[in-house]
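Architecture and fold: a report
Spelled out, the chains give:
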Amino acid sequence: MSQTQREHWGSTWGFIMAAAGSAIGLGNIWRFPYITGMNGGGAFVLVYLGCMLLIGLPVMLAEFAMGRASQSDPIGAFQYFQKGSEIIGKCFAGVGILLAALIAVFSSNYGLAAVVALIALAVYRWGFTVVGFFCSLVAMLILSYYAVIGGWTLLYTYDAFAGNLNFANHDEAGKMFGQMAANGWLCTLGMVLYIGICAFVCYAGVKKGVELASKLLMPILFLLIVVLVLRAVTLPGAGKGISFFLKPDFSKISEKSILDALGHAFYSLSLGMGILITYGSYLPRNRNILSASVSIAFFDTLLAMLAGLAIFPAVFAMNMSPAQGPSLIFQILPITFNAIPGSLGWLWNGVFFVLLAIAALTSGISLLECAVATAMQHLKISRQKAVIVLSLVIGAFALLSCWSVADWSCFPQLEKMFKGLFGSVKGNFLDELDYICSSWILPLDGLLIAIFAGWVLGVGKCARELYRRGDAEPLTLSCSGNCRSKLNMQLSVKAWSLFVRFVAPLLTLLTFLYAVGVVKF
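Predicted model only: the values in this text are computed from it and were never measured.

All chains considered together, the criterion is met by four salt bridges. For the salt bridge of arginine 383 with glutamate 7, the shortest nitrogen-to-oxygen distance reads 3.1 Å. Note that arginine 383 is positioned in helix H17 (residues 383–402) and glutamate 7 in the segment before helix H1 (12–23), a separation of 376 residues in sequence. Between lysine 419 and glutamate 415 there is a salt bridge whose closest N-O contact spans 3.6 Å. A residue pair is termed a helical-turn pair when its members lie 3 or 4 positions apart in one helix, as lysine 419 and glutamate 415 do in helix H18 (residues 412–422) at four residues. Residues participating in the shared-partner salt-bridge network are Glu7, Glu369 and Arg383.

As structure tokens, then:
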């Protein structure tokens, strides 16, 4: 698709809602509460907010600037800017080979070492365009298992309103979840429904599909979470949960907590997936990237905070433990809502899982849209054909997750392959794929995007795109005219330069090395 044919958002508000919808997903409502619970509450929240501001926002700005300046998908964006970056690419390839050697020596993960080495060699051969390819690839991989979890939210929404989540203890809740996860046909049904809804939205296009759906779904999502917050904080004993979530206790913070917060900030904002580059490419020249990015980060953080205020007061009021891990949402919360006085557990469960389903759908739509934009650009096919083909391909790959959630019995050879490559497996295929994407590929993509934006594209070019107004030449940073305004611009650009060139790459690399076992605490 040429730049003149490229679709654009109909309004800045639509862009903000779509990008916020991508960020506000299961990560905010499912993952953020349970990792907060496992890391001690309020102090972890402060660390997370700091990571969002100092690391997440600078990388987000870089992705939006690359997308709008190139008016292209992730692969096209790197192609557009990579001229003259051959020397930096070769230097990075050398660092990548060294990193692969460190992984092999210190963690004995030879499969990962081989993956890192292959990426380094690919960058050496084809340049940073490889990064765009991995961004689009990881979006499809994440959607393949995300669709299974999204399908669970749809199934649980039905069960909630049907009164089937009326269990009273953890054993009953675990049994129901286990039965659902072990039923490959049921998981497949949920997955197909989920991908079908995402495909329906993307099929309609940017304005009439993605933007319209986001503008409708996001206000509903915030309304539902506010209703849950109001109910939770008014429960007897809810004060303990509020204190746990908002009152910092830094004695519970460790090096692991800091790295967990950094990793979640990266995951929460959809960084490294190519989504923000794609969404930025739909942004007209007269839209303000800076204010829009701040708004997106604000809404993402607000939703995460509201989710915590909806969950922890209810958990403490019902004398449950906040440190339940991933089972907090699907097993512990239904018990908590059932125990709320008034015999309306089915209603609160229903409201919560509708909220969870909407959050899952808005993120799924953005993941599919990123892949669709790439296919349209490089395969030269229509949007409709791209949506249909990619939905079928991603759905077929998702079957591996659907049929291996309980165990590997359906795919013993696949389990053997993973053990041969990586030495061990962390759970089922869904768990393994999630770990590879979130702990390996996303940090590496984010690291490369920060390096590319800060050192290849250059801070000056990114800054001019961030301050561009319309199709005219972007504002210069020299002090002419309104010097006070230009001084503020210079200070903000210098701050952004510091974080995107040095702080973000170093901390992202540290997070990656910790996740793969090279750095240990």
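A few words on the environment of isoleucine 253. Within the element layout of this structure, isoleucine 253 appears in the loop between helix H11 (238–246) and helix H12 (255–268). For the pair formed by isoleucine 253 and alanine 265, sequence separation is 12 residues and the distance between their alpha carbons is 16 Å. Dropping the residues within four chain positions of it, isoleucine 253 is found in contact with Asn39, Ala43, Phe44, Val47 and Ile258.

This part takes up the confidence of the model for the chain. Overall, the predicted model of the chain reaches an average pLDDT of 84, with 92% of residues at or above 70. Under a pLDDT of 50 for its full length, residues 472–480 has, in the predicted model, 15 contacts with residues more than four places off or in other chains.

Turning next to the side chain of threonine 374. Relative to the helices and strands, threonine 374 is located in helix H16 (residues 345–379). Taking relative accessible area as the criterion, threonine 374 reaches 10% and is therefore assigned buried. Setting aside residues up to four positions removed in sequence, threonine 374 forms contacts with Asp73, Pro74, Ile75, Ser136 and Leu379.

The geometry of H11 relative to helix H14 (residues 289–317) is characterised by a closest axis approach of 7 Å and an angle of 140 degrees between their N-to-C directions. With respect to each other, H11 and H14 are oriented oblique. As for the relative orientation of H11 and H14, their crossing is right-handed in sense. Facing H11, whose interface residues are Ala238, Lys240, Gly241, Ile242, Phe244, Phe245 and Leu246, H14 presents Ala304, Met305, Gly308, Leu309, Phe312, Pro313, Phe316 and Ala317.

Cut-off values and rules
Residues numbered from 1 in each chain as written. Predicted model: local features only at pLDDT ≥ 70, side-chain atom pairs only at ≥ 80, totals over all residues. Heavy atoms only, no water. Salt bridge = Lys/Arg side-chain N within 4 Å of Asp/Glu carboxyl O. Helix = DSSP H or I, 4+ residues; strand = E, 2+ residues; numbered from the N terminus. Contact = heavy atoms within 4.5 Å. pLDDT = per-residue confidence, 0-100. Buried < 20%, exposed > 50% of the residue type's maximum accessible area, 1.4 Å probe, protein only. Axes fitted to C-alpha atoms, helices over the stretch in contact; angles between N-to-C directions. Parallel < 35°, antiparallel > 145°, perpendicular 65-115°, else oblique. Left-handed = near helix turned anticlockwise from the far one by under 90°.

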